[in-house]
Amino acid sequence: MSKTAFISHEKCFWHFGGNYALLAPVGGLVQPMVAGGLPEAPETKRRLKNLIEVTGLERDLEMVTGIPATMDDLRRVHPASYLKKFKDLSDNGGGELGLRTPFGPGAFEIAALSAGMVIQAVEGVAKGTYDNAYALSRPPGHHCLPDWPNGFCLLANVAIAVEKAIADGLVGKVAILDWDVHHGNGTEAIFYDRADVLTISIHQDRCYPQDTGAAADQGTGAGLGANMNIPLPPGCGHNAYIEATERLIVPKIQDFAPDLVVVACGFDAGGFDPLARMMCSAETYREMTKRIMDITDGKLVAAHEGGYSELYVPFCGHAMLEQMAGSTISADDPLKQRIDGQQPDARVDAFHSEIISELADILL
Ligand code: ZN
């Protein structure tokens, strides 16, 4: 059995997004929703933590309490001017500094905690303390640019952790695989000209952001070839995701030969997600995790990004954590029959295979 860390902190569930109804700000014709706030809400993630307690999977994990990132850690990615603006507004009741990133009082400290948990995960695996590690980070990070928060993301958690590990000499080359259903535009932008960090994003084409994530965007300068975008049409399910993993992601990572693989892990390609139109299941995440662990001797870091189905995210996360820990403690997927019965048929899978072949011609 692997030694798998699960890093979390109750404070991460206390981040509060404010007056949105799903993707639209409340006001005008948009009525406030009873559940309230952003879809990026605490319950998806808290329920994952609850589920691993209820099934007993936590007994096969090393449960670790999160520690905040320091200002020095944050400054490797974010300019001091942005950090000051964020902290000042957070100290004064909260507000909005970018696009779709409203936050309440104290959000700066919670965001620093979320980034710190990814640092703990990366350091723990890079130093060999753990075989692999999962950070239940909230707020998420992959849309955040150095000076502009975006898409529920206030600090670039994964980039902050990777930059620290490189600065500390723990790793030389890192691959970041972003399987959140939305494009990892922030992570891409931060490492776009870097040869030592491979960024891969598999996402629903033009779902969010709608103007980034094209296959043609492959890096620049020294980083040319070290950015891979895999934009897939809506409706892709288990088979298309596994085929893309086998034919595009695995060979790209093997060719790059990183010291560490970090998964920016969203579960919003799940078939019941309100913010995307993919058809993945808990088994898809288990299988993708296995394919990556097969090429890394089981070494892996995962940082939680998006995923908005309160019901389904916990089961996707549980399947992934079972795989990471090599545990036999499972959680029966209550939606398995429903999601398996809705998978694309052979004709649609063949169409998706053609798209993946076209992408292979561009990307490999
Ligand atoms: Zn997402």
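The structure this text deals with has already been given above.
A brief report on the enclosed structure follows. (Residues numbered from 1 in each chain as written. Predicted model: local features only at pLDDT ≥ 70, side-chain atom pairs only at ≥ 80, totals over all residues. Heavy atoms only, no water.)

Quick look at a nonpolar patch on the surface
Taken together, the side chains of Leu22, Leu23 and Met33 present a nonpolar region at the surface, about 250 Å² in accessible area. Position of Leu23 relative to the elements: it lies in the loop between strand E2 (20-21) and strand E3 (24-25). Using a relative accessible area of 42% as the deciding quantity, one classes Leu23 as partly exposed. (Patch = residues over 30% accessible without salt bridge, like charges linked within 9 Å, V, L, I, M, F, W, Y side chains within 5 Å. Areas by Shrake-Rupley, 256 points an atom, 1.4 Å probe, with all protein chains shown as cover. Salt bridge = Lys/Arg side-chain N within 4 Å of Asp/Glu carboxyl O. Helix = DSSP H or I, 4+ residues; strand = E, 2+ residues; numbered from the N terminus. Buried < 20%, exposed > 50% of the residue type's maximum accessible area, 1.4 Å probe, protein only.)

Observations regarding the layout of surface pockets
By volume, the second largest pocket amounts to about 240 Å³. If you go around the second largest pocket, you meet 19 residues; those closest to its centre are Leu23, His182, Cys207, Tyr208 and Leu275. Of the residues contributing to the lining of the second largest pocket, the split by class is 10 nonpolar, six polar and three charged. (1 Å grid on protein atoms, 1.4 Å probe; cavity = no way out; pocket = protein on both sides within 12 Å on 5 of 7 lines; lining within 4 Å. Points joined across faces, edges and corners; volume = space filled by probe spheres on them. Nonpolar A, V, L, I, M, F, W, Y, C, P; charged D, E, K, R; others polar.)

With respect to the coordination of the zinc ion
For a metal bound by four donors in tetrahedral geometry, the ideal donor-metal-donor angle is 109.5 degrees, whereas six donors in octahedral geometry ideally sit at 90 or 180 degrees. Surrounding the zinc ion are the protein donor atoms Asp180 (OD), Asp180 (OD), His182 (ND1) and Asp268 (OD), at 2.0 to 2.7 Å. In this structure, the zinc ion is coordinated by four donor atoms arranged in irregular fashion, with angles at the metal of 54 to 156°. (Donors = N, O, S within 2.8 Å, 3.2 Å for Na, K, Ca; no water. Tetrahedral: all angles 85-135°; square planar, octahedral: opposite > 155°, others 65-115°.)

Concerning the packing of helix H4 (residues 107-126) against helix H5 (residues 157-167)
Orientation of H4 relative to H5, taken along the N-to-C sense of each, is 45°, at an axis distance of 8 Å. By the angle between their axes, H4 is oblique relative to H5. Handedness of the crossing formed by H4 with H5: right-handed. The residues of H5 that touch H4, namely those facing Ala111, Ser114, Ala115, Val118, Ile119, Val122 and Glu123, are Asn157, Val158, Ile160, Ala161, Lys164 and Ala165. (Axes fitted to C-alpha atoms, helices over the stretch in contact; angles between N-to-C directions. Parallel < 35°, antiparallel > 145°, perpendicular 65-115°, else oblique. Left-handed = near helix turned anticlockwise from the far one by under 90°. Contact = heavy atoms within 4.5 Å.)

Regarding the packing of helix H7 (residues 238-256) against helix H11 (residues 346-363)
One can describe the packing of H7 onto H11 by two numbers: an axis separation of 9 Å at closest approach and a directional angle of 15°. With respect to their mutual orientation, H7 and H11 come out roughly parallel. In terms of crossing hand, the pair formed by H7 and H11 is right-handed. Two secondary-structure elements touch here, H7 through Asn239, Ala240, Glu243, Ala244, Arg247, Leu248 and Lys252 and H11 through Asp349, His352, Ser353, Ile356, Ser357, Leu359, Ala360 and Leu363. When its residues are assigned to classes, the contact of H7 with H11 shows seven nonpolar, four polar and four charged.

Worth remembering: the numbers are spatial, not functional.
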